[in-house]
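A closer look at the structure
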Amino acid sequence: MNALILSAAGLLRRRLPGFLICYLVLAIGTAGFACRDKGGPSTSAAVPEPQKPVSTVNPPIILSLLPIESAAAMYERFLPLKYYLEKMLNRPVVLQVAKDYETAMQEIGEGRVQLACLDPVTYCEVRARFQEKVIPLVKPVGRDGARSRSVLAVKQGSGIERVVDAKGKRLALGSPQSSFSYLMPMAILNDVGLKIRDFSAVRYLQQEDRVALSVLIGEYDIGALSETVAQRYTEEGLKVIKVSEPLPQFVLSASSSLSGEIRKTIVAGFANAAEERFFTGLGKDITAFEPAADRDFDVVRVMMKNVIGKDYIEYSEQTIKVAVLPLYSAVALYDRYDPLMRFLSEKTGYEFKLLIPRDFDDFIRVVKSGAVDFSYQNPYIFALINRTMDLSRGLRPLVTTLGEDRSPEEQDGGGAIFRGVIITRENSAIRTLEDLRNKKVLITSPMSAGGFLSQKIFLAKNGIDTDRDLRIVDAKKQENVIFGVYRGDADAGFVRESALIVWKNEIDMNKIRILARTAPLPNWPLAACSNRNPRLQNAVRDILLGLRDKKVLEAARISGFRPAEPADFAELNKY
């Protein structure tokens, strides 16, 4: 079969573009690739050879791989990992590329394979089905956290320049169990209000190579795949129109059928690894591995719930839940505040975990329901919730943040306050507040303190009614407002001033002009949501007031906390 494929490719090479040959080979011969490693070396890229023969006394360990690319490409990519495991365990390791994602999950869950490299969504699916029968061992780390991004790509010259232009087009996805060819692309589409039903045709092609090639030959108009695979086809005419936030590349997981001693050996072996050459083939940014824990993938579960409706989030009875207002994406919020949750877990002995609601309305519902122990929100949402709750169940402000997203020289009031801004494009004809009348204005949310309320109060004092005099559009997120103004989708935007600092590396801020700055508001409070466990609440307050851990503070982009009092928010109760 392989000979037939190679012969066909040779006959076609003189007449067809390289990417079309690849597509035909994939279409004809996917089943012809060997799915199991028989011990032979790769025939293309150079990879490390085993340093010495391994013992064959013990039965081999099967390492399962997802069919992200062709079996040959996956074999080549993970051959260094096979060799490293063989050296570590002194026993054969067999690479096996699964038929599809569903097969990969069944095999590791049922113990038919002992190890599996799972992408984040696949891991969460497996854990939901098989619980502790699948155990996370290690995950890659390195530059940019050794994480990967998803992209939406089109063919050069297709006329599709932005994601919103894809409505009514044909969409190619990978697998519904994939992070990079399904979940992350769906999050991108969700941000601009597009659903599966908004496309004229949708197909799941499993392998990302097939997604790229189907777009290049015109079978589909837009494709979803990982950035790494997409880059291989840019010279052939593939054009990336949107890049997602990063997620962990994969997690090396074990079946519970693999002995605990071998699992410990693998974790220890990777923790002490100093041979970077075994990792670079897996991904250019991977420099090492670190132990993985199930909670490392909670951010993926949040995305799965909020984006595609699958709720795999679990909290034990002992978990302390902290709801965070979804000002930014789930990935950004976890990057910022999960280190703080782990710090509080270590200091109190309780397990602190984030709870990220779908939107502002969902946040209010969750907090008012009493389903969380603490909440972190803007001051307007705090005041709104507090005045609509039973007095016996009102929120108790513990601390407010200092210096959020601000450098020391930019801070006002010691960083205990923040303010909103009104932005336009630098080349906009809008030069005064009066020029805003009848203009299209993006806001973060009607319940955003820095992205709407502060501007509403400010403009009212200057004779402009936001409801009557402006054409308000709810953009849902701070970044959507900034990007929308930057692209010229709207005349102006309302955002929190610090959001411009958060996104300063993503766009050219020289093209954004601040038309006005509002009066300052008190910064975000962390509040206790019930009268349960007042001792823990007081302990959390004291821990946060004394927090000096630079890594935790830098991750949260704050300089610290100060005590909060109900009087700080009295003015906001008027609105």
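Residues numbered from 1 in each chain as written. Predicted model: local features only at pLDDT ≥ 70, side-chain atom pairs only at ≥ 80, totals over all residues. Heavy atoms only, no water.

Moving on to the sheet that holds strand 19 (residues 420–425). Read across the sheet, five strands follow the order 21-20-22-19-23 without closing on themselves; strand pairing throughout is mixed. What marks the edges here is a single partner per strand, and that holds for strand 21 (471–474) and strand 23 (512–517). Mean inter-strand twist for the sheet, computed between neighbouring axes without regard to direction, equals 30°. Sitting on the sheet, helix 14 (residues 449–461) touches strand 19, strand 20 (440–443), strand 22 (492–496) and strand 23, and the angle it makes with strand 22 is about 115°. In the packing of helix 16 (residues 478–487) onto the sheet, contacts are made with strand 19, strand 20, strand 22 and strand 23, and the angle to strand 22 comes to roughly 150°. (Pairing = 2+ DSSP bridges. Helix = DSSP H or I, 4+ residues; strand = E, 2+ residues; numbered from the N terminus. Axes fitted to C-alpha atoms, helices over the stretch in contact; angles between N-to-C directions. Contact = heavy atoms within 4.5 Å.)

Once that is clear, we can look at empty space enclosed by the protein. Enumeration over the complete set of coordinates arrives at five cavities of 30 Å³ or more. In this structure, the largest cavity is lined by Val322, Val324, Tyr337, Leu340, Met341, Tyr376, Thr401, Leu526, Leu544, Ala556, Ile558 and Phe561. Where the lining of the largest cavity is concerned, the elements lending two or more residues are strand 14 (319–324) and helix 11 (330–348). Broken down by element, the lining of the largest cavity gets its largest block of residues, three residues, from helix 11. (1 Å grid on protein atoms, 1.4 Å probe; cavity = no way out; pocket = protein on both sides within 12 Å on 5 of 7 lines; lining within 4 Å. Points joined across faces, edges and corners; volume = space filled by probe spheres on them.)

Another point: the pattern of salt bridges. Under the definition given, this model contains 34 salt bridges. Across the pair Asp542 and Arg541 runs a salt bridge whose closest N-O atoms are separated by 3.3 Å. With relative accessibility at 45%, the residue Asp542 sits in the partly exposed group. Look at the salt bridges and you will find they share partners, linking Lys139, Glu290, Arg295, Asp296, Asp338 and Arg342 into a network. (Salt bridge = Lys/Arg side-chain N within 4 Å of Asp/Glu carboxyl O. Buried < 20%, exposed > 50% of the residue type's maximum accessible area, 1.4 Å probe, protein only.)

Here we come to the environment of Leu545. Within the secondary structure, Leu545 is located in helix 18 (residues 534–545). Sequence separation of Leu545 and Pro563 is 18 residues, and the distance between their C-alpha atoms is 7.2 Å. Aside from chain neighbours lying at most four places away, what touches Leu545 is Val399, Phe561, Arg562 and Pro563.

Glancing now at the packing of helix 5 (residues 120–130) against helix 10 (residues 298–308). Where helix 5 contacts helix 10, the two axes come as close as 9 Å, and the packing angle between them is 85°. Classified by the angle their axes make, helix 5 and helix 10 are roughly perpendicular. Along its contact with helix 5, which presents Pro120, Val121, Tyr123, Cys124, Glu125 and Arg127, the element helix 10 presents Val300, Arg301 and Met304. Residues belonging to the contact of helix 5 with helix 10 are distributed by class as follows: six nonpolar, no polar and three charged. (Parallel < 35°, antiparallel > 145°, perpendicular 65-115°, else oblique. Nonpolar A, V, L, I, M, F, W, Y, C, P; charged D, E, K, R; others polar.)

What follows concerns helix 7 (residues 208–216). The element helix 7 is extensively covered by neighbouring structure, given that eight of its nine residues are classed as buried. By the burial criterion, the buried members of helix 7 are Glu208, Asp209, Val211, Ala212, Leu213, Ser214, Val215 and Leu216. Count one or two residues on from helix 7 and you reach Gly218, which has phi positive near 85°.

Below, the discussion takes up the side chain of Arg127. Position of Arg127 among the secondary structure elements: in helix 5. Look at Arg127 and you get buried, because its relative accessible area is 14%. A polar side-chain atom of Arg127 sits 3.3 Å from a polar atom in the side chain of Asp294. Arg127 has contacts with Glu132, Val134, Ile135, Pro136, Asp294 and Arg301, leaving out every residue within four places of it along the chain. (Polar contact = N/O pair within 3.5 Å; in protein donor to acceptor, adjacent residues only side chain to side chain.)

The next thing to look at is the packing of aromatic side chains. The tally for this structure, following the rule as stated, stands at ten aromatic pairs. Every member of this aromatic cluster is reached through a ring pair, and the members are Phe78, Tyr84, Phe250, Phe270 and Phe289. The ring of Tyr486 carries the charged tip of Arg425 above its face, separated from the ring centre by 5.8 Å. (Phe/Tyr/Trp six-rings, centres within 6.5 Å; stacked < 30°, edge-to-face > 60°. Lys NZ or Arg CZ within 6 Å of the ring centre and 35° of its normal.)

A few words on unusual backbone geometry. Despite not being glycine, Lys476 has its phi angle at roughly 80°, a positive value. Within the element layout of this structure, Lys476 appears in the loop between strand 21 and helix 16. The class for Lys476 is exposed, based on a relative accessible area of 55%. One non-glycine residue, Arg557, lies in the positive phi region at around 60°. In this fold, Arg557 is placed in the loop between helix 19 (550–556) and strand 26 (560–563).

Moving on, we come to the packing of helix 11 against helix 18. Geometrically, a packed helix pair is captured by the angle between its two axes and the distance between the axes. As a packed pair, helix 11 and helix 18 sit with axes 11 Å apart at the nearest point and diverge in direction by 120°. It follows from the interaxial angle that helix 11 and helix 18 lie oblique. Crossing handedness for the pair helix 11 and helix 18: right-handed. Residue-level contacts link Leu340, Phe343, Leu344, Lys347 and Thr348 of helix 11 to Leu536, Val540, Ile543 and Leu544 of helix 18. Among the residues forming the contact of helix 11 with helix 18, the class breakdown is seven nonpolar, one polar and one charged. (Left-handed = near helix turned anticlockwise from the far one by under 90°.)

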